[in-house]
Amino acid sequence: MCAIDIVIVNWNAGDLLLNCVKSVLKSDLSNNSYSLYILDNNSTDSSISHLENISNNVHIIRSNENLGFGKACNQGVRNGNSKYILFLNPDTLVEQMTITDSVNFLENNPDITILGCKHYDENGKTRISCSRFPTFRHSLNDIFGLSKILPKLFKPATLMTDWDHMESKFVDQVMGAFFLIRRTDFEKVKGFDEQFFVYYEDSDLARRIINNGGSVFYNSEISIFHKGMGTTKEISGRRLFYSLRSQLKYHRKYFNVYQRILLAVLIHSVEFPLRLLQAFLKEGSSGAREVIRGFILLHSQNS
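About the criteria used
Residues numbered from 1 in each chain as written. Predicted model: local features only at pLDDT ≥ 70, side-chain atom pairs only at ≥ 80, totals over all residues. Heavy atoms only, no water. Core = buried A, V, L, I, M, F, W, Y, C linked by side-chain atoms within 4.5 Å. Buried < 20%, exposed > 50% of the residue type's maximum accessible area, 1.4 Å probe, protein only. Helix = DSSP H or I, 4+ residues; strand = E, 2+ residues; numbered from the N terminus. Contact = heavy atoms within 4.5 Å. Axes fitted to C-alpha atoms, helices over the stretch in contact; angles between N-to-C directions. Parallel < 35°, antiparallel > 145°, perpendicular 65-115°, else oblique. Left-handed = near helix turned anticlockwise from the far one by under 90°. Nonpolar A, V, L, I, M, F, W, Y, C, P; charged D, E, K, R; others polar. Phe/Tyr/Trp six-rings, centres within 6.5 Å; stacked < 30°, edge-to-face > 60°. Lys NZ or Arg CZ within 6 Å of the ring centre and 35° of its normal.

## Observations regarding the nonpolar core
- With 33 residues, the main nonpolar core has I4, I6, I8, V24, I38, L88 and I99 as its most contacted residues.
- Within the residue set of this core, elements represented by two or more residues are β1 (2-10), α1 (15-26), β2 (32-40), β4 (84-88), α3 (98-108), β6 (114-120), β11 (178-182) and β12 (216-226).
- Looking at this core element by element, the count peaks at five residues for α1.
- If near-sequence neighbours (up to four positions away) are discounted, I38 is found in contact with I8, N10, L17, V21, I48, L51, V58, H59, I60 and I61.
- With 32 residues, the next largest nonpolar core counts C73, V77, C130 and F186 among its residues.

## Focus: the packing of helix α4 (residues 136-143) against helix α9 (residues 257-283)
- Look at α4 against α9: their axes get within 9 Å of each other, and the N-to-C directions meet at 15 degrees. On the basis of the axis angle, α4 is roughly parallel to α9. For the crossing formed where α4 meets α9, the hand is left-handed. Residues F136, S139, L140 and I143 of α4 touch α9, and the partners they reach there are Q259, L262, L263, L266, I267, V270, E271 and L274.
- Looking at the contact of α4 with α9, its residues break down into nine nonpolar, two polar and one charged.

## Observations concerning the packing of aromatic side chains
- A full pass over the atoms with the stated rule returns 16 aromatic pairs.
- On the basis of an interplanar angle of 45 degrees and a centroid distance of 4.8 Å, the ring pair of Y250 and Y254 is categorised as tilted. Of the two residues, Y250 and Y254 are both situated in helix α8 (residues 236-254); the distance of four residues between them amounts to about one turn of the helix.
- Over the ring of W163 we find K169; its NZ or CZ atom is 4.3 Å from the centre of that ring.
- A cation sits over an aromatic face here: R207 above Y254, 4.2 Å from the ring centre.

Next up, the structure:
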């Protein structure tokens, strides 16, 4: 028997959270003892109220502020003591054997540190859920839009859009929406870096794991449903701000001073007008306003 702590960070996820928790409770966990910790980042909807007394295995931890993803995850981990930790997004649904098969896989493969699985959408289409670590050159591809125009020639900085995710293999990073790790390995690198409010915290953790001799594996034979952007879909401007801010922090942490200064300048001088044009052509004035809002937030944060 293996013990597992399942950590879900919630922020206004609505019915998505309830459905996610129900999928965990209905799944086959008969050979594993488990606790499910829900870290609520000061939600203003009714998502948490639906979970009162749903199960003795479900523990709700409320925060008076939005702590962000990484910090809330670390808090959830400190509440448990199980051998395995599964970070799970509220906009996911696990299948009957997803968790058990994942734990068994790590039990049988002690050389693998982090495990991810296949994600599929409402149409059964496999979603991109693995990333490479950003490099300076690939970051330039994103800023100039080359990775969107010619992705096979100019690889994106992170998401592995050049691979169909239909085979199992070692990768740099699996998405934090389903992220299984042993507690000892998580604690060895002191968990998530809390300077990343949301986005890039999973990439940073995977990078530190690999730098410490660990490995990350994507298992295409294990699956979850993943809606995607379940809690940030309605705040696209703020979502852009969070992504860009974490990206710049990642650059400061891993790139040299000349690279990160140049990338910061190009994000404002090149990426901004390109994003603005793309948003206007795709969504009209409302989309353009959200891009402007995101960059204003970024400027005010860095000023």
